[in-house]
Amino acid sequence: MIRVLHTGDWHIGQTLRGFSREREHDAVFACLERIVVEREVDALVVAGDVFDSQNPSGESQARFYALMARLHAARPAMTIVITAGNHDAAGRLEAPRPLLEAIGVHVVGNVRRRDGAIDLDRHLVPVRTADGEVAAQVLAVSYPTAACLPPLSSLGKEGRVGETSPIVRAVRDLYGQLFEAARPRLAGLPLLVTGHLHVAGGLESEGAERRILVGGEHAVPADVFPEEARYVALGHLHRAQGLGGGQVRYCGSLIPLSAAEQPYRHGVTLVTLGTGAAEIEHIEIARPLPFLRLPASGDMPLADLGDHLAALALDPDLPPEARPYIQIRLSREGLLPGYRAEVDRIAEGFPVRVVDVRVTVPARAAIEIAETAAPPPRLSERDPEELFRLAYRAKWDEDPEPAHLEVFHRARAEA
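Please read all numbers here as calculations on a predicted model, not as lab measurements.

Novice: Before we go on, may I ask you to explain the overall build of the protein in this structure?
Specialist: A tally of regular secondary structure across the protein gives eleven helices and 19 strands. The 415 residues of the protein split such that 47% are buried. Counting only contacts in the protein whose residues sit at least 6 apart along the sequence, the fraction spanning at least 24 positions is 71%. Surface accessibility of the protein: about 19,700 Å² in total, with carbon and sulfur atoms responsible for 52%.

Here it is, written out as structure tokens:
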């Protein structure tokens, strides 16, 4: 039996409405250390978005490397597998690879090929038991950038029945190539595959996650991953959730990364691999700081905000970094322009950090809005590939060919 702890979307260095998350990251990382010891974890898999920025601060990088050292000290025989997400700079993440491998940390920043073939030594990571026997394999795959995917021109017009998207076919082909390269080394051992992308059916967090596949594709089906995989460890979506019968799973983030994630049960996923199907357990991690909604349900008049804040009975001497996050829901009735400044004025008298204020639109008003003509969409809301197709068609009076789309996707990825 092999125990793998699946985590991801740490977003070290993130701020929420300008508030630092350092205190929270330190607290949840301490929980992570306890879990790997208490649950006797054999492998830790981090499925992308280690950092919040492709240019993380020195403090963020120091926090990450210090954690790697502590995890190795806490569980010396544990294998750690880290893959790059869309927020990570793959080259920067891979740069200290020789040093990290000395303490059992394997980093995959990009899909690596040698003479056109998959460099399997970079992607297939053995997981060993306490006595050193290889008992499972991890096929580590980072966020699929345009450079990682097979050339679109090499794909046929259709893959599976009804599958016409060249990007989905490219992602499927990438995982197919990786698995075929790995197959001779598996020798019947359980296989865990990683990914950092949006799988169809996964629930997004409003305002927190980007549509990241090249070509403007929003999601891939769950069957792009090898059928032989006992478990697929995903990153990118911040809500813990299972897809494809539960064996394809997002572990979710360790802390709420946006106001939309206030209701989530953040944590990690413990995967036990043996002779049968993977056993999956969600381990919830307590929030280091409260994240409260006022009111707890529904909405309230602005005039009631002070009473709700007072009812929290918070210590007025709480230091700024220990104050709870607050999201506020106001009723539209009687609300005057400039209400946001009034919210800030009221909240200043309490030890809280307001990160979200929204106004509830009455049901009847929502229907009236929906029935009126919608304004034209902004360019930021249009799919870039759609705009490229429209521009090409306007210029040449025909649709772009796959070769044109490939050049567009590569240029976009490098922009």
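There is more to say after this.
Novice: Teacher, can you tell me more about the sheet that holds strand 16 (residues 279-284) here?
Specialist: Within a sheet, neighbouring strands are paired by backbone hydrogen bonds and run either parallel or antiparallel to one another. Within the open sheet, the six strands sit side by side as 6-5-4-1-15-16. Their pairing is mixed. With one partner strand each, in any of the chains shown, strand 6 (105-108) and strand 16 form the two edges of the open sheet. On average, each strand axis in the sheet is tilted by 20° relative to the strand beside it, whichever way the strands run. As defined by bridge partners, strand 1 (residues 2-7) adjoins strand 15 (residues 267-273) across five bridges and the pair is classed as antiparallel. Looking at the pairing, I2 lines up with L273 of strand 15. Against the sheet, helix 1 (residues 22-38) makes contact with strand 1, strand 15 and strand 16, and its axis sits at roughly 165° relative to strand 1, the strand it touches most.

Novice: I keep staring at the pattern of salt bridges and nothing clicks. Help me out?
Specialist: Here the idea is simple: oppositely charged side chains can pair when their charged atoms come close. Counted by the stated rule, this structure contains 18 salt bridges. Among the ionic pairs, R112 bridges to E94, the shortest N-O distance being 2.4 Å. Of this pair, R112 sits in the loop between strand 6 and strand 7 (113-114) while E94 sits in helix 3 (residues 90-94), and the two are 18 residues apart along the sequence. Bridged by salt links that share partners, the residues E94, R112 and R122 form one connected network.

Novice: Sorry, what's going on with the sheet that holds strand 19 (residues 353-360) here?
Specialist: One open sheet holds the three strands; their spatial order is 17-18-19, and the pairing between them is parallel. Each of the sheet's edge strands pairs with one partner strand only, and the pair in question is strand 17 (291-294) and strand 19. Across the sheet, the mean angle separating the axes of adjacent strands is 15° when strand polarity is ignored. Looking at chain direction, strand 18 (residues 325-331) and strand 19 are connected through seven bridges and run parallel. Bridging across to strand 19, R329 finds its partner in R358. Running at roughly 140° to strand 19, helix 8 (residues 339-347) makes contact with strand 18 and strand 19 of the sheet.

Novice: Is there a simple way to think about the nonpolar core in this case?
Specialist: Nonpolar side chains tend toward joint burial in soluble globular proteins. Within the largest apolar cluster, 34 residues are counted, with the highest numbers of intra-cluster contacts made by L5, W10, V50, F64, M68 and I82. Elements represented by at least two residues in this core include exactly helix 1, strand 4 (43-47), helix 2 (58-74), strand 5 (79-83), helix 3, strand 6 and strand 15. Counting residues per element, this core draws most heavily on helix 1, at six residues. For M68, the contacting residues outside a window of four places in its chain are W10, I80, I82, L100, I103 and V105. Counting 31 residues, the second-largest nonpolar core is a separate cluster that includes L124, A182, V199 and L243.

Novice: Is there a simple way to explain empty space enclosed by the protein in this structure?
Specialist: If a probe as big as a water molecule is rolled over the atoms, it shows which places are left empty. For the structure on display, the rule yields two cavities of 30 Å³ or more. Approximately 40 Å³ is the volume found for the second largest cavity. In terms of lining, the second largest cavity is formed by F51, Q61, Y65, D88, A89, R92 and L93. Listing elements by their share of the lining of the second largest cavity, those giving two or more residues are helix 2 and helix 3. Considering only residue class, the lining of the second largest cavity consists of four nonpolar, one polar and two charged.

Novice: It is not clear to me how unusual backbone geometry should be interpreted in this structure. Could you clarify?
Specialist: Leave glycine aside and you will find that most residues have negative phi; peptide bonds, for their part, are mostly trans. Cis geometry marks the peptide bond from L294 to P295; its omega dihedral reads -10°. Structurally, P295 can be placed in the loop between strand 17 and helix 7 (305-311). The backbone of R17 sits at a positive phi, close to 55°, despite the residue not being glycine. Considering the arrangement of structural elements, one finds R17 in the loop between strand 2 (15-16) and strand 3 (19-20).

Novice: Quick question: what am I supposed to make of helix 2 here?
Specialist: Within an α-helix, residues lying three or four positions from one another point in the same direction, as the helix has 3.6 residues per turn. With 17 residues, helix 2 should reach 24 Å at 1.5 Å per residue; the first-to-last C-alpha distance of 24 Å fits that figure. Along helix 2, the residues classified as buried are S60, Q61, R63, F64, L67, M68 and L71. Mapping the buried residues of helix 2 onto a view down its axis gives an arc of 160°, with all of them on the same face. Across helix 2 from its buried face, at more than 90 degrees, point the exposed residues E59 and A73. Structurally, helix 2 contributes buried residues whose contacts are with helix 1, strand 4, strand 5, helix 3, helix 4 (97-101) and strand 6.

Novice: Looking at this structure, how should I read the packing of helix 1 against helix 2?
Specialist: In a packed pair of helices, the relevant descriptors are the angle between the two axes and the axis-to-axis distance. One can describe the packing of helix 1 onto helix 2 by two numbers: an axis separation of 10 Å at closest approach and a directional angle of 20°. Here helix 1 is positioned roughly parallel relative to helix 2, judged by the angle of their axes. For the crossing formed where helix 1 meets helix 2, the hand is right-handed. Residues E22, H25, D26, F29, L32, E33, V36 and V37 of helix 1 touch helix 2, and the partners they reach there are R63, L67, R70, L71 and A74.

Novice: So what exactly am I meant to see when it comes to the environment of A135 here?
Specialist: For A135, the position within the fold is in strand 10 (residues 134-139). Note: C-alpha distance between A135 and L273 (138 residues apart in sequence) is 8.9 Å. The contact partners of A135, leaving out residues within four places of it in the chain, are I2, V127, R128, T129, L189 and P190.

What counts as what
- Residues numbered from 1 in each chain as written.
- Predicted model: local features only at pLDDT ≥ 70, side-chain atom pairs only at ≥ 80, totals over all residues.
- Heavy atoms only, no water.
- Helix = DSSP H or I, 4+ residues; strand = E, 2+ residues; numbered from the N terminus.
- Buried < 20%, exposed > 50% of the residue type's maximum accessible area, 1.4 Å probe, protein only.
- Contact = heavy atoms within 4.5 Å.
- Areas by Shrake-Rupley, 256 points an atom, 1.4 Å probe, with all protein chains shown as cover.
- Pairing = 2+ DSSP bridges.
- Axes fitted to C-alpha atoms, helices over the stretch in contact; angles between N-to-C directions.
- Salt bridge = Lys/Arg side-chain N within 4 Å of Asp/Glu carboxyl O.
- Core = buried A, V, L, I, M, F, W, Y, C linked by side-chain atoms within 4.5 Å.
- 1 Å grid on protein atoms, 1.4 Å probe; cavity = no way out; pocket = protein on both sides within 12 Å on 5 of 7 lines; lining within 4 Å.
- Points joined across faces, edges and corners; volume = space filled by probe spheres on them.
- Nonpolar A, V, L, I, M, F, W, Y, C, P; charged D, E, K, R; others polar.
- Expected span 1.5 Å × (residues − 1).
- Arc of directions from axis to C-beta.
- Parallel < 35°, antiparallel > 145°, perpendicular 65-115°, else oblique.
- Left-handed = near helix turned anticlockwise from the far one by under 90°.

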